[in-house]
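These are the residues of each chain, in order.
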Amino acid sequence: MTTRSKFRLPLRRFALLGGITIAAVFAGPSSAHKDPVTPAQLRAYQEVFMEQVRKGDLLFHGDQKMAEQLGVAEDLSKTGMACAMCHPMASDTHPQSFPKFQAQMAKFATLRDMINWCIEKPNQGVKIDPESEAMKALEAYITWSNTGSVLQPGKF
Amino acid sequence: MSDELDRIRREMHSVLQPEGVRPDDSLKITRRTFIHGSLIFGAATVGQTFAWWPLLNTLDIAHAAEAPFKFAWISDTHLYPRSLNTRFVDKVVRAAQEVQAMDPPADFLIFGGDLAQLGKIEELELGVDLLKEVKIPKHYIPGEHDWYLDMGKKWGELFGRPNWTFDHKGVRFIGLDTVSRGPDYWTAKNMTPEERMGHMATLDGTVAGPWAGVGRDQLDWMEKTLADWDKTKPVIIFSHNPLYEYYPPWNFWVRDWREVHEVLKPYSKVTNIHGHVHQVLYNEIGTLRSIGMLATSWPWPYAPEGVPKLTKPMIRVDPGDPFDGVGWEKIDVAATDEIKTEYIMWGRKEVFVQSAEDYDKNVSEIIRPRMADNMWPY
């Protein structure tokens, strides 16, 4: 009895997994992501990314209208300073070096932590939600502008 | 972009630096470190929060003045209205107090442009007000931030002609306007003065284009101004932009550097002192020596390419300290025919990098120009 029941359990599991697999095979072809990628899809994905880069570029350069649109106009800076004033073309932001120990914060930090630190300290603004569209747009612009820089995580 | 820059750079070197040509041998540079009196003054007044004992690096340049004298340089204060940004105001106050406290006093102060951030009357007048603390004669040249709101109207009312010359104790001084001759990028796009200024005020903007230049008319004026000057006697030229090609996308150049060099070539002891770059810079182009000055407002990172090989870079700054990486300069023309340029960088024992990690280009960096400013619906 004992031997048989031990056998049955794996068999039942196998049957269940097999059923799911068979169902997935039949249902699967309707899922687009199983198809080879098309140029139209690539364009669409790229457009989504570049739209965020565009928004981030404007935020980074102190564009008031974009900051209002994304709900961060009161937060990003209270000194007139914009990110690009110290980081033209997003230079010296080193997104490829994160995450790393960031001396100013005395902690292991992400790029988003550093963006918020810059907003709060040099710009004397108010930290923004790390998951917000504004933060993702800033991150998109900074990384896009640094395309080509070599990944050096942890580098001072 | 890099290919085009490489081409320009190769051309510049072939035009300006034929084999064996360099600044006069009497213009020797040494570096030394010493304690600076004006910062002791700073420590006693506004420096209580900064626990440093300032040691400063200097560049000594031999020259040929008739009598010893000093002058001071402040630039790139980028003042906003006082109600918006008090940090920039505090730093101008500090620089002005320290210049005024120089002992023996400086003969004059050069203000090297970008007094205002957005060219507003209020900003320019605030600058004039803050610099009243400095009682010695003051000479101003314009920066692009001073100019493009009203095309230099208010600046002219306050300071007069943007280019000028005077002789002082055996040295001919020339102030140049390298900002007012930008190509018209605003009329066709119906920009407001504020929009025009906004593009000009964005260092990495792509709309204002190659605005930095001396212009044929001013070159002719400079040629005429130098015509009666002994070619072996010292000339010091002040300009907002560097007079060579360093990094055109940020207008770290003048677009007519070839013509500038043609005018200056016969003179063997020419020193150019410039602002705009907000960083320590040193270069020798043909017989011309060039020294870049700090801002009081904020430091720029070095450009991703084109940093002159002769530049010993300044130290990587702490962005949490508004007084780091900025300051003013003291230029000392000694009886021993020396000119000593002293970077007075607040809050630093060492102005120059001490190790690879001190340099902001220690991390790999390949960056590209922005794109969104060309997509605006003009």
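Note that the coordinates shown come from a computational prediction; the quantities given were computed from them, not determined experimentally. (Residues numbered from 1 in each chain as written. Chains lettered and ligands numbered in written order. Predicted model: local features only at pLDDT ≥ 70, side-chain atom pairs only at ≥ 80, totals over all residues. Heavy atoms only, no water.)

### Let's talk about the overall build of chain B
Moving on, step 1. Secondary structure summary: chain B contains nine helices and 13 strands in total.
Moving on, step 2. Within the span of chain B, comprising 378 residues, buried residues form 61% of the whole.
Moving on, step 3. For chain B, the share of sequence-separated contacts (at least 6 apart) that also reach a separation of at least 24 residues comes to 78%.
Moving on, step 4. Summed over all atoms, the accessible surface of chain B reaches about 14,000 Å², with 54% contributed by carbon and sulfur. (Helix = DSSP H or I, 4+ residues; strand = E, 2+ residues; numbered from the N terminus. Buried < 20%, exposed > 50% of the residue type's maximum accessible area, 1.4 Å probe, protein only. Contact = heavy atoms within 4.5 Å. Areas by Shrake-Rupley, 256 points an atom, 1.4 Å probe, with all protein chains shown as cover.)

### A few points about unusual backbone geometry
Moving on, step 1. Cis geometry marks the peptide bond from Phe98 of chain A to Pro99 of chain A, where omega comes out at -5 degrees.
Moving on, step 2. Within the secondary structure, Pro99 of chain A is located in the loop between helix 4 (83-86) and strand 1 (100-102).
Moving on, step 3. Cis geometry marks the peptide bond from Asp103 of chain B to Pro104 of chain B, where omega comes out at 0 degrees.
Moving on, step 4. The backbone of Met151 of chain B shows a phi angle near 55 degrees, a positive value even though the residue is not glycine.
Moving on, step 5. As for its placement among the helices and strands, Met151 of chain B is situated in the loop between helix 5 (144-147) and helix 6 (153-159).
Moving on, step 6. One non-glycine residue, Asn251 of chain B, adopts positive backbone phi at about 55 degrees.

### Here's the deal with empty space enclosed by the protein
Residue and element names in this part refer to chain B.
Moving on, step 1. The final tally for this structure, using the stated rule, is two cavities of 30 Å³ or more.
Moving on, step 2. Of the voids in this model, the largest cavity is the one considered here, and its volume is about 80 Å³.
Moving on, step 3. Residue lining of the largest cavity: 14 residues in total, with Glu144, His145, Met200, Leu203 and His276 positioned closest to the centre.
Moving on, step 4. When grouped by side-chain class, the residues that make up the lining of the largest cavity number six nonpolar, six polar and two charged. (1 Å grid on protein atoms, 1.4 Å probe; cavity = no way out; pocket = protein on both sides within 12 Å on 5 of 7 lines; lining within 4 Å. Points joined across faces, edges and corners; volume = space filled by probe spheres on them. Nonpolar A, V, L, I, M, F, W, Y, C, P; charged D, E, K, R; others polar.)

### Re the pairing of strand 8 (residues 235-239) of chain B
Residue and element names in this part refer to chain B.
Moving on, step 1. Burial runs high along strand 8: five of the five residues are buried.
Moving on, step 2. Residues of strand 8 alternate between two faces, with Val235, Ile237 and Ser239 on one and Ile236 and Phe238 on the opposite face, all of them buried.
Moving on, step 3. Sheet topology places strand 7 (residues 171-175) next to strand 8; four bridges connect them, and they run parallel. Looking across to strand 8, one finds that Phe173 is bridged to Ile236.
Moving on, step 4. Pairing analysis gives five bridges linking strand 8 to strand 9 (residues 270-274), with the strands arranged parallel. By the bridge assignment for strand 9, Ser239 is matched with His274.
Moving on, step 5. Taken together, strand 8, helix 9 (residues 257-264) and strand 9 constitute a β-α-β crossover, and its handedness is right-handed. (Pairing = 2+ DSSP bridges. Right-handed = clockwise from strand over helix to strand, strands pointing away.)

### Section: the pattern of salt bridges
Moving on, step 1. What the rule picks out here adds up to 26 salt bridges over all chains.
Moving on, step 2. As a salt-bridge pair, Lys55 of chain A and Glu133 of chain A come within 2.7 Å of each other at their nearest N and O atoms. Of this pair, Lys55 of chain A sits in helix 2 (residues 39-60) while Glu133 of chain A sits in helix 6 (residues 133-145), and the two are 78 residues apart along the sequence.
Moving on, step 3. For Glu133 of chain A, a relative accessible area of 36% gives the class partly exposed.
Moving on, step 4. For Asp228 of chain B, the salt bridge identified is with Arg172 of chain B, shortest N-O distance 2.6 Å. Placement of the pair is Asp228 of chain B in the loop between helix 8 (216-226) and strand 8 and Arg172 of chain B in strand 7, with a sequence separation of 56 residues. (Salt bridge = Lys/Arg side-chain N within 4 Å of Asp/Glu carboxyl O.)

### Some points on the packing of aromatic side chains
Moving on, step 1. This model, assessed by the stated rule, comprises 30 aromatic pairs over all chains.
Moving on, step 2. Measuring from centroid to centroid gives 6.0 Å for Trp147 of chain B and Trp155 of chain B, while their planes differ by 50 degrees, and the two rings are tilted. Both residues of the pair, Trp147 of chain B and Trp155 of chain B, belong to the buried class.
Moving on, step 3. An aromatic cluster is defined as three or more aromatic residues linked by ring pairs; in this entry it consists of Phe69, Phe71, Trp73, Phe108, Trp164, Phe166, Phe173 and Phe238 of chain B.
Moving on, step 4. It is Arg316 of chain B that lies over the ring of Phe156 of chain A; its NZ or CZ is 4.4 Å from the centre. (Phe/Tyr/Trp six-rings, centres within 6.5 Å; stacked < 30°, edge-to-face > 60°. Lys NZ or Arg CZ within 6 Å of the ring centre and 35° of its normal.)

### Quick notes on the interface of chain A and chain B
Moving on, step 1. In this assembly, 38 residues from chain A lie in contact with 34 residues from chain B.
Moving on, step 2. Summing both sides of the interface, chain A and chain B together bury roughly 3,200 Å²; the carbon and sulfur share of this comes to 58%.
Moving on, step 3. The three residues of chain A that bury the most area against chain B are Met85, Met89 and Phe156 of chain A, which together make up 21% of that side's buried surface.
Moving on, step 4. Ionic pairing is found between Arg370 of chain B and Asp57 of chain A, a salt bridge with its closest N-O pair at 2.6 Å.
Moving on, step 5. Elements with a minimum of two residues in the side of chain A that touches chain B: helix 2, helix 4 and helix 6 of chain A. (Buried area = accessible area lost by both parts, 1.4 Å probe.)

### Here we look at a nonpolar patch on the surface
Moving on, step 1. Where nonpolar side chains cluster on the molecular surface, the patch consists of Val37, Leu42 and Tyr45 of chain A and spans about 310 Å² of accessible area.
Moving on, step 2. By the secondary structure assignment, Tyr45 of chain A is in helix 2. (Patch = residues over 30% accessible without salt bridge, like charges linked within 9 Å, V, L, I, M, F, W, Y side chains within 5 Å.)

### Describing the packing of helix 8 of chain B against helix 9 of chain B
Residues and elements named next belong to chain B.
Moving on, step 1. Interaxial distance between helix 8 and helix 9 falls to 10 Å at its minimum, and their mutual angle equals 10 degrees. As summarised for this structure, helix 8 and helix 9 are arranged roughly parallel, according to the angle between their axes. Note that helix 8 runs across helix 9; the crossing there is right-handed. Contact residues: Arg216, Leu219, Met222, Glu223 and Leu226 in helix 8; Glu259, Val260, Val263 and Leu264 in helix 9.
Moving on, step 2. A class-by-class count of the residues in the contact of helix 8 with helix 9 yields six nonpolar, no polar and three charged. (Axes fitted to C-alpha atoms, helices over the stretch in contact; angles between N-to-C directions. Parallel < 35°, antiparallel > 145°, perpendicular 65-115°, else oblique. Left-handed = near helix turned anticlockwise from the far one by under 90°.)

### Considerations on the confidence of the model for chain B
Moving on, step 1. Looking at chain B as a whole, the pLDDT averages 85, with 83% of positions reaching at least 70.
Moving on, step 2. For residues 25-63 of chain B, every residue scores under 50 in pLDDT, and the model assigns this stretch 116 contacts once sequence neighbours within four places are set aside. (pLDDT = per-residue confidence, 0-100.)

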